[in-house]
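# Report on the structure
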Amino acid sequence: MTDSLAAAYDPHQYEDKLYDFWMKHKVFRAERDPSRKPYTILMPPPNVTSQLHMGHGTGYTMQDILIRWKRMSGYNALWLPGTDHAGIATQMMVEKSLAAEGKTRHDLGREAFTKKLVEWKDKYGGMILSQFRSMGFSCDWDRLAYTMDPQLSHAVRKIFVDLFNEGLIYRGERLVNWDPALKTAVSDDELDNQEIQGHLYHLIYPIDGSDETITVATTRPETMFGDTAVAVNPDDERYKHLVGKQVRLPLVDRLIPIVADSYVKSEFGTGAVKITPAHDPNDFELGKRHDLPRIDVMTDAATMNDKVPERFRGMARFVARKEVIRAFRELELLAKEEPYKTTVPISERSKEIIEPRLSLQWYVNMRAMAAPAIEAAKDGRLNFFPDLWKKTYLHWLENIQDWCISRQLWWGHRIPIWYCGKCQGASSGMTDPTVCSHCGSSDLKQDEDVLDTWFSSWLWPISPFGWPEDSADLEYFYPTDVLVTAPEIIFLWVARMVMVGLKTRGEVPFRDVFLTPTVCDKQGRKFSKTLGNGIDPMEVIAKYGTDAVRFTAVQLAPIGGRTRMSAEDFEAGGRFVNKLWNASRFLLGYIKPGQKLAPLNPEAIGLSGMWLLNELAAAADRMEKSLTNYRINDATDHVYHLIWGSFCDWGLETAKSVLMGSDEKAKEQTLSLLVYVLDGILRLANPIMPFVTEEIWQKLPHHPNWDRPVSLAVAKFPQADKLPQFPDAAAKWATVQALIADIRSARSQSGIPPKTVLQAHVRASVELSALFTAASTDICRLASLSEVRANPTMERPGQCLAAVGRGYEAFIPAAGIVDIAKERARLSSEITRINKILGGIEGKLANANFTDRAPPEVLEQTRGQRDNMRFQLDSLKRNLETLT
RNA sequence: GGGCGGAUAGCUCAGCCGGUAGAGCAGUACCCUUACAAGGUACGGGUCGCAGGUUCGAGCCCUGUUCCGCCCACCA
């Protein structure tokens, strides 16, 4: 590190070096330490194969801000990093690369394919972790976990076996959401719905032994081969006489019953529904009620199987659809074909239309586990920020369905179930069984499927800490403090972690759940790969630096809902970082190498100094409140205003007269003040902008009133109640600032060039006059004046600019330089404006309803406003009269 | 079809317990004032989606409504 700061901040010169510095000093490391309170955040594990996007950029930066803030506040802060093997997503990527060579996973076989996946993961996986480094994330890398690590896999096995032994895991034949492209079941939560323009076909089914027919409506005629009934509403007069009769199913010539079920809505379509229990969830349920057979008519690739007439076999389902309709038309059994909008489920991963498919899958019974998770949210052990998401969470848990955990994939934790070839029984256990637990046969074969990825993710709060062992880490770090994640995985992940946490540890895994906003483009569209509308954080980092990206991403993120961003937005962050850099550079320029700073002495720093200290304390207070309530975007605003507004625009500008003057004693005090405040600022800003603040801080001499550890990352976070505060002095200085602003405004509006040196004559009370006189040096400097005079009987000069504020009138002699017409116009418009406001206030005060019913403090405040407005109005009017 | 959220300045968003509408960016004018022109000072800009209601007083509370977004859902 060099001794002085370069003229402009170049983030890339420092960032890597600083990260190495932090790693070297292990500032992110969190070891068990019973003497300190832990503060723990679980990093939502990104997919091994994913790339950093702005969603991570904002969400994870927020976590880093919280962690860094708590770390500086004395907590033993642990941000636990990790990655997720992401079953379907990862397998798909490798299958895609195989497909490019014209191969499928079946050509390789399970073992070779899995090996390839591991290779692929080692090569491309974890790239996102190095990107996290670039983002400056302060996680404890020594604890990096991966959902397929031996320890975590052990935990997966353990929870499976436990639930299996409790009878909460069971195997069932159900309709699953079958993805015919990936050839696997996917969960309800992995679907998208898409509205498509389809057709509603009216098919005529002849009644057996009669000339009558019954017409059914369907959007998926190809499933008619699997029809095992026709259903009507029991109260439907049109069909009452047909219930119990049989339909001769066209094309297949099979007899199926007509049944009555209240599920059928008479007013929809024809009021008669074909029932295909093997291909439709409703029909499945209805079939169960009426004990209907289930005929699966498709293969795992959604082509027609051998249960259909020869001529349709092997056809893809949508080809078959056309052919079935053609056949019905030829038989004159197609009553109608109408355009129809319908929504179809699409697989999130493959984008293929889901085919409901009958299959044997493993399920977890969720009801029992849901109850405690509901209770925890209701009784306040679990809190949501913003709170509205609690409803979403509760609604899902209260209507929870059993969880299908088997996936027909090869990448993931293989289901620890062995089937007996003899008795067909299923066995499980912590070690691979050698004999069937039911009949003792050794003819065992392991289930081919793997577990849903979320079946390992839901253990994230416990497995990296050593569960199922009752480890010291688990004891110390569990429960964690807050989970920060995206709202779309409340069901998939958050709720399940709560359930398993309560089940295994009896405590919620985290007290708070903070849901981050969805990051969208300027048109409000979610970032997506297909649209290509995303912002690559690495690109904007290259352009503006990490601190700028972190600052802007968080500043733009509202508390709930969504945020709209464009790459250009980050420029503002870059400017802000540079501003801080330059301000620091300026200040450091006044400090000689090895110079010792004087302790802070409030007696010697004047009103402006006390005001500045007050600003620091106020900002610290606001920061603390904002961060505590996860109002992280507010925290960025506080830092921004403290640095730009308070420190640069006022603090440094005021200090310049001392710094550039010759009073060495005063200079010493001012430097002490400014370094003290800058040190405090760097601390407050460090969680948001860790790099630039650390770099500056390392150059900053040690101030005796602050602690000085090796890194800013572990320096004390300023606490408002422990900082010097001077509310009275600050209020006085605020009045001086108002006077300065008034003078600047009058000058600017009158078009008097900044170079023209002016004087100010101020008429004000004795106290205010004393204040202005004492501050005259500062006022002169900041308002470009040569002289300020103030007393209660100050006379109005003949030709002058005038400004009026609360309790004072400022006159600026301007004979010969002021454009009288312009100034009169300015005063007139000001009079009009004040008159309008005054009119409103007076009207209010004349209203008996208001004066009778408004609370006294409001009344008093309103009267004060009126008096002030009257004072200003009088002054303005007199000025207008005098100005000729 | 249900549930939830949003609509405030050109843009992105604040706005507490109802008490004269705010910030940043963008814009305009004037300034290269010795940290920073990625800067300074000043200024302009809003019927708070629409319509009612409650209230002395509504961006805020109530009712209805429109538009956007998200989530859930089995209407063939």
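We now turn to the structure provided with this report.

## Some thoughts on the overall build of chain A
Counting its regular elements, chain A contains 27 helices and 29 strands. The C-alpha atoms of chain A give 37 Å as radius of gyration, which overshoots the globular expectation for 884 residues (29 Å, by more than 25%). For chain A, the C-alpha atoms occupy an extent of roughly 115 × 65 × 55 Å along the three principal directions. Burial statistics for chain A: of 884 residues in total, 54% are counted as buried. In chain A, of all internal contacts separated by at least 6 residues, the share reaching a separation of at least 24 is 77%. Summed over all atoms, the accessible surface of chain A reaches about 38200 Å², with 50% contributed by carbon and sulfur. The averaged location of the 113 negative side-chain charges in chain A is 3 Å from the averaged location of its 107 positive side-chain charges.

## Thoughts on the sheet that holds strand β16 (residues 403–404)
Read from one edge of the open sheet, 4 strands run β6-β5-β14-β16, paired in antiparallel fashion. Since the sheet does not close on itself, it has two edges, and those belong to β6 (184–186) and β16, each with one partner. Both strand β14 (residues 355–364) and β16 contribute to a ladder of 2 bridges, which runs antiparallel. By the bridge assignment for β16, V364 is matched with W403.

## Observations concerning the packing of helix α17 (residues 570–588) against helix α20 (residues 664–685)
For the pair α17 and α20, the least separation of the axes is 11 Å and the interaxial angle reads 150°. Taken together, the axis directions place α17 and α20 in an arrangement best described as roughly antiparallel. The element α17 and its partner α20 pack so that their crossing is left-handed. Across the interface between the two elements, L580, S584 and L587 of α17 pack against L671, L674, V675, L678, I681 and L682 of α20. Among the residues forming the contact of α17 with α20, the class breakdown is 8 nonpolar, 1 polar and no charged.

## Focus: the environment of I812
With respect to the element layout, I812 can be found in strand β29 (residues 808–813). Setting aside residues no more than four positions away along its own chain, I812 makes contact with I743, L758, Q759, Q799, C800 and L801.

## A few points about the packing of α17 against helix α21 (residues 690–699)
The geometry of α17 relative to α21 is characterised by a closest axis approach of 11 Å and an angle of 5° between their N-to-C directions. It follows from the interaxial angle that α17 and α21 lie roughly parallel. Contacts from V577, L580, W581, S584 and L588 of α17 reach α21 at V692, T693, E695, I696 and K699. Its residues assigned to classes, the contact of α17 with α21 comprises 6 nonpolar, 2 polar and 2 charged.

## Observations concerning the protein's contact with RNA strand B
Not every one of the 54 residues close to RNA strand B is listed here, only the nearest: A217, K265, R575, W644 and R853. Sugar and phosphate atoms constitute 64% of the interface atoms of RNA strand B, taking the interface as everything within 4 Å of the protein. Within the contact set of RNA strand B, a base nitrogen lies 2.9 Å away from a side-chain nitrogen or oxygen of K579. In this structure, a sugar or linking oxygen belonging to RNA strand B sits 2.8 Å away from a side-chain N or O atom of R585. Residue composition of the surface near RNA strand B, grouped by class: 23 nonpolar, 16 polar and 15 charged.

## Brief notes about empty space enclosed by the protein
In total, this model carries 1 cavity of 30 Å³ or more according to the counting rule given. Computed from the structure, the largest cavity encloses a volume of approximately 50 Å³. As for the largest cavity, its lining consists of R796, P797, G798, C800, L801, A802, E823, L827, N879, T882 and L883. For the lining of the largest cavity, the secondary-structure elements that each account for two or more residues are β28 (800–805), α25 (820–846) and α27 (856–882). Among the elements that make up the lining of the largest cavity, the one with the highest residue count is β28 (3 residues). Each residue belonging to the lining of the largest cavity can be placed in one class, and the counts come to 6 nonpolar, 3 polar and 2 charged.

## A few points about the packing of aromatic side chains
Tallied over the entire structure, the rule returns 37 aromatic pairs. Their ring planes at 40° and their centres at 5.4 Å tell us that F455 and W458 sit as a pair that is tilted. Overall, F455 belongs to the buried group, its relative accessible area being 0%. Take W458: its relative accessible area is 0%, and that puts it in the buried class. Above the plane of the ring of F586 lies K656, whose end atom (NZ or CZ) is 5.4 Å from the centre.

Reading the values: the criteria
Residues numbered from 1 in each chain as written. Chains lettered and ligands numbered in written order. Predicted model: local features only at pLDDT ≥ 70, side-chain atom pairs only at ≥ 80, totals over all residues. Heavy atoms only, no water. Helix = DSSP H or I, 4+ residues; strand = E, 2+ residues; numbered from the N terminus. Rg over C-alpha atoms; globule rule 2.2 N^0.38 Å. Buried < 20%, exposed > 50% of the residue type's maximum accessible area, 1.4 Å probe, protein only. Contact = heavy atoms within 4.5 Å. Areas by Shrake-Rupley, 256 points an atom, 1.4 Å probe, with all protein chains shown as cover. Lys, Arg positive; Asp, Glu negative; His and termini not counted. Charge placed at Lys NZ, Arg CZ, Asp CG, Glu CD. Pairing = 2+ DSSP bridges. Axes fitted to C-alpha atoms, helices over the stretch in contact; angles between N-to-C directions. Parallel < 35°, antiparallel > 145°, perpendicular 65-115°, else oblique. Left-handed = near helix turned anticlockwise from the far one by under 90°. Nonpolar A, V, L, I, M, F, W, Y, C, P; charged D, E, K, R; others polar. Near = heavy atom within 4 Å. Polar contact = N/O pair within 3.5 Å; in protein donor to acceptor, adjacent residues only side chain to side chain. 1 Å grid on protein atoms, 1.4 Å probe; cavity = no way out; pocket = protein on both sides within 12 Å on 5 of 7 lines; lining within 4 Å. Points joined across faces, edges and corners; volume = space filled by probe spheres on them. Phe/Tyr/Trp six-rings, centres within 6.5 Å; stacked < 30°, edge-to-face > 60°. Lys NZ or Arg CZ within 6 Å of the ring centre and 35° of its normal.

Without other data, these values stay purely geometric and don't point to any function.
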